[in-house]
Amino acid sequence: AAVVFAEALLWRPVEVALIVNNGLGKFGRAAVLAIMATALRAVAAVLFMFAAQRSVGVWASYYIAANAVSLLIAFVFFYPRQRLRMRTLDRRQAHLNSVELHLDSARRIPPTRIRQVSAARRSC
């Protein structure tokens, strides 16, 4: 359960920072974060190797600590400064977007082809 906690609540936000940085074109920052997070988990594994107690519970605490430090570093240094927002579309906006897509695809059809289709429809 502790490892699931570490993965779901501590590592996933770090992955969000990776994905956002990649989406913003900041591939170097995302790569540095991924390497640092992996290195922190490796350091936790080495520290666990030298620990006096070696049990799953002790390893889970090392793993949680490494992921928590990764999350802290991601929040402080790698999250973008602008506020990220998801836009929701109401029905009218969704309809207008679909009309725009339809008009956009209609613009790509050569005018001669549109006339041929229109003439074929009139003859039916």
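Residues numbered from 1 in each chain as written. Predicted model: local features only at pLDDT ≥ 70, side-chain atom pairs only at ≥ 80, totals over all residues. Heavy atoms only, no water.

A. Summary view of the overall build of the protein. Looking only at helices and strands, one finds 5 helices and 0 strands in the protein. Along the protein, helices and strands appear, N-terminal first, in the series α-α-α-α-α. Put simply, the protein has 124 residues, and 23% of those count as buried. Residue pairs in contact within the protein that sit at least 24 positions apart in sequence constitute 66% of those at least 6 positions apart. (Helix = DSSP H or I, 4+ residues; strand = E, 2+ residues; numbered from the N terminus. Buried < 20%, exposed > 50% of the residue type's maximum accessible area, 1.4 Å probe, protein only. Contact = heavy atoms within 4.5 Å.)

B. Inspection of the packing of aromatic side chains at higher detail. For the coordinates displayed, the defined rule picks out 4 aromatic pairs. On the basis of an interplanar angle of 65° and a centroid distance of 5.9 Å, the ring pair of F48 and Y62 is categorised as edge-to-face. Highlighted residues: F48 in helix α2 (residues 27-49) and Y62 in helix α3 (residues 56-78), separated in sequence by 14 residues. Judged by relative accessible area, which is 25%, Y62 ranks as partly exposed. (Phe/Tyr/Trp six-rings, centres within 6.5 Å; stacked < 30°, edge-to-face > 60°.)

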